[in-house]
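Fold and contact review
Residues per chain, in single letters:
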Amino acid sequence: MLEEVERWLKERSWSADDRPLDLLLAAKRATGRTVSVVLPALDEEATVGEIAATIRRELMSEAAPLVDELVVLDSGSTDRTAEVAAAAGARVVHRDSLLPELPALPGKGEVLWRSLLATSGDIICFIDADLREFDARFVSGIVGPLLTEPDVHLVKGMYDRPLGTGHDPLVPGAAAAQGGRVTELVARPLLNLHWPQLAGFVQPLGGEYAARRSLLERLPFPVGYGVELALLIDSLHTVGLDALAQVDIGVRKHRHQDAQALGRMAATIYRTAQLRLARGHLVRPRLTQFDRGESGFVARTSAVDTEERPPMIEIPEYVERRAA
């Protein structure tokens, strides 16, 4: 590990407990900064309500007004996600209602990009909508440094990601199986090899992070699963390592993807990194996977996300709205 990263780990890695809520509220009053929380959601009726209700109850009350705006950005749910979120106190915005003249592309990054138009906060906090046993410290923990450290521009959450509850009997002292398989097999090796300054991030692909609007609006957004990796790399090049930080927020429990979905995510992550390494193009942005059928293996080919949205500051509608 680079000496620079060792120093960064000591100076820019914190715990949510380091900044109690009363400290954050005082810092928020002193700075006048506003905070928006965005939950990108697609068919998350089972979990989105509890997350929204917890944020409303613990971080948007008269006694603890840390969050000014709670938005669920629905990307085309066919279940009761929008209804449940609204009942829990969130403002629900449909992806297609933002920049309607620009046809939406499928993918998480598309939703996060458009959320800049749906929010007004100086600080924007993204929280995945499939979390179980949600803790309000997920928000307060990662927003905290942006309220108390003026030189910090982006904060990633770090946490344990249990994949299961069993223990491997062949490995003495083995803990419960861990999630984050794409991180360990693809993202972490890529970062260590090509962007070693980012080697200290525990969860580089995690969906819980916060950033200043002034940074996010200057960055391009891949439309798919590559968005977290891209924002991290591009933030490094835009504001430098010391402007990035991470906060331990405990344990993150969520729905896990099957192996083939992880394969598609991995291909997208690799493509995102490759584009940033060479600003070139893959010869064939496709991924072939295999399912066993009645008479043998059946090939199935999927497209790898290749689209990116430009920095929001280049979109006239956004500039006009911010100036209004």
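Details of the packing of helix α9 (residues 227-239) against helix α10 (residues 259-278)
A packed helix pair is summarised by two numbers, namely the angle formed by the two axes and the spacing between the axes. It is at 9 Å that the axes of α9 and α10 come closest, and there the two elements cross at 25°. Comparing their axes, α10 and α9 come out roughly parallel. For the pair α9 and α10, the sense of crossing is right-handed. Taking contact as the criterion, the partners of Leu-229, Ala-230, Ile-233 and Asp-234 in α9 are, on α10, Ile-269, Thr-272, Ala-273 and Arg-276. When grouped by side-chain class, the residues that make up the contact of α9 with α10 number five nonpolar, one polar and two charged.

Some remarks on the environment of Arg-161
Mapped onto the elements, Arg-161 comes out in the loop between β7 (154-160) and α7 (181-194). Distance in space between the C-alpha atoms of Arg-161 and Val-251 is 6.2 Å, their sequence separation being 90 residues.

Quick word on α10
With 20 residues, α10 should cover 28 Å at 1.5 Å per step; its first-to-last C-alpha distance of 28 Å lies within 8% of that length. Most of α10 is tucked away, with 14 of its 20 residues classed as buried.

Regarding the pairing of strand β4 (residues 91-94)
Sheet topology note: the strand β3 (residues 69-74)/β4 ladder contains four bridges and is parallel. In the sheet register, Val-71 faces β4, and the bridge partner there is Arg-91. As for the winding sense of the linkage, the β-α-β connection from β3 through helix α4 (residues 81-87) to β4 is right-handed.

Section: the pairing of strand β2 (residues 35-41)
For β2, the buried fraction is high: seven of the seven residues fall into the buried class. Of the two faces of β2, both are covered, the one formed by Val-35, Val-37, Leu-39 and Ala-41 as well as the one formed by Ser-36, Val-38 and Pro-40. The sheet contact formed by β2 and strand β5 (residues 123-126) spans four bridges and is parallel. Its bridge partner being in β5, Val-37 is matched across the sheet by Cys-125. Pairing geometry for β2 and β3, over six bridges, is parallel. Within β3, the position partnered with Ala-41 by the bridge is Asp-74. For the segment spanning β2, helix α3 (residues 48-59) and β3, crossover handedness is right-handed.

Here we look at the nonpolar core
Counting residues in each nonpolar core, the largest one holds 47 residues, and the members touching the most others are Leu-73, Val-182, Leu-198, Leu-216, Phe-221 and Ile-269. Of all the secondary-structure elements, those providing two or more residues to this core are β3, α5 (108-118), β5, α7, β8 (209-212), α8 (213-216), α9 and α10. Once residues within four sequence positions are removed from consideration, Val-182 is found in contact with Ala-187, Leu-205, Leu-262, Met-265, Ala-266 and Ile-269. Counting residues in each nonpolar core, the second largest holds 44 residues, with Ile-51, Ala-52, Ile-123 and Ile-142 among its members.

Here's the deal with unusual backbone geometry
Leave glycine aside and you will find that most residues have negative phi; peptide bonds, for their part, are mostly trans. You will see that Asp-43, though not glycine, has its phi angle at about 55°, which is positive. Within the fold, Asp-43 resides in the loop between β2 and α3. By relative accessible area, which is 32% here, Asp-43 ends up partly exposed. With a phi angle near 50°, Leu-99 is a residue other than glycine that sits in the positive phi range. Along the polypeptide, Leu-99 turns up in the loop between β4 and α5.

Here we look at the packing of aromatic side chains
Under the defined criterion, the tally for this structure stands at four aromatic pairs. Ring centres of Phe-134 and Phe-138 lie 5.7 Å apart, and the angle between their planes is 70°; on these two criteria the pair is classed as edge-to-face. Across the pair, exposure class does not vary: Phe-134 and Phe-138 are buried alike. Aromatic pair Phe-138 and Tyr-159: ring centres 6.5 Å apart, planes at 10°, arrangement stacked. Of the two residues, Phe-138 is situated in helix α6 (residues 137-148) and Tyr-159 in strand β7; the sequence distance between them amounts to 21 residues. The same class applies to Phe-138 as to Tyr-159, namely buried. Taken together, the aromatic side chains of Phe-134, Phe-138 and Tyr-159 make up a single cluster linked through ring pairs.

Let's talk about the pattern of salt bridges
Taken as a whole, this structure holds 20 salt bridges when the rule is applied. Note that Arg-114 is salt-bridged to Glu-110, the shortest N-O span being 2.8 Å. Within this pair, Arg-114 and its partner Glu-110 are both found in helix α5, separated by four residues, close to a single helical turn. Per residue, the accessibility class of Arg-114 equals that of Glu-110, and both read buried. What you see here is one network of salt bridges that share partners, running through Lys-108, Asp-128, Glu-208, Glu-228 and Arg-252.

A look at the confidence of the model for the protein
This prediction gives the protein a mean pLDDT of 89; 88% of its residues lie at or above 70. Confidence drops under a pLDDT of 50 for residues 165-177, and excluding neighbours within four residues, the segment shows 13 contacts in the predicted structure.

Cut-offs applied
- Residues numbered from 1 in each chain as written.
- Predicted model: local features only at pLDDT ≥ 70, side-chain atom pairs only at ≥ 80, totals over all residues.
- Heavy atoms only, no water.
- Axes fitted to C-alpha atoms, helices over the stretch in contact; angles between N-to-C directions.
- Helix = DSSP H or I, 4+ residues; strand = E, 2+ residues; numbered from the N terminus.
- Parallel < 35°, antiparallel > 145°, perpendicular 65-115°, else oblique.
- Left-handed = near helix turned anticlockwise from the far one by under 90°.
- Contact = heavy atoms within 4.5 Å.
- Nonpolar A, V, L, I, M, F, W, Y, C, P; charged D, E, K, R; others polar.
- Expected span 1.5 Å × (residues − 1).
- Buried < 20%, exposed > 50% of the residue type's maximum accessible area, 1.4 Å probe, protein only.
- Pairing = 2+ DSSP bridges.
- Right-handed = clockwise from strand over helix to strand, strands pointing away.
- Core = buried A, V, L, I, M, F, W, Y, C linked by side-chain atoms within 4.5 Å.
- Phe/Tyr/Trp six-rings, centres within 6.5 Å; stacked < 30°, edge-to-face > 60°.
- Salt bridge = Lys/Arg side-chain N within 4 Å of Asp/Glu carboxyl O.
- pLDDT = per-residue confidence, 0-100.

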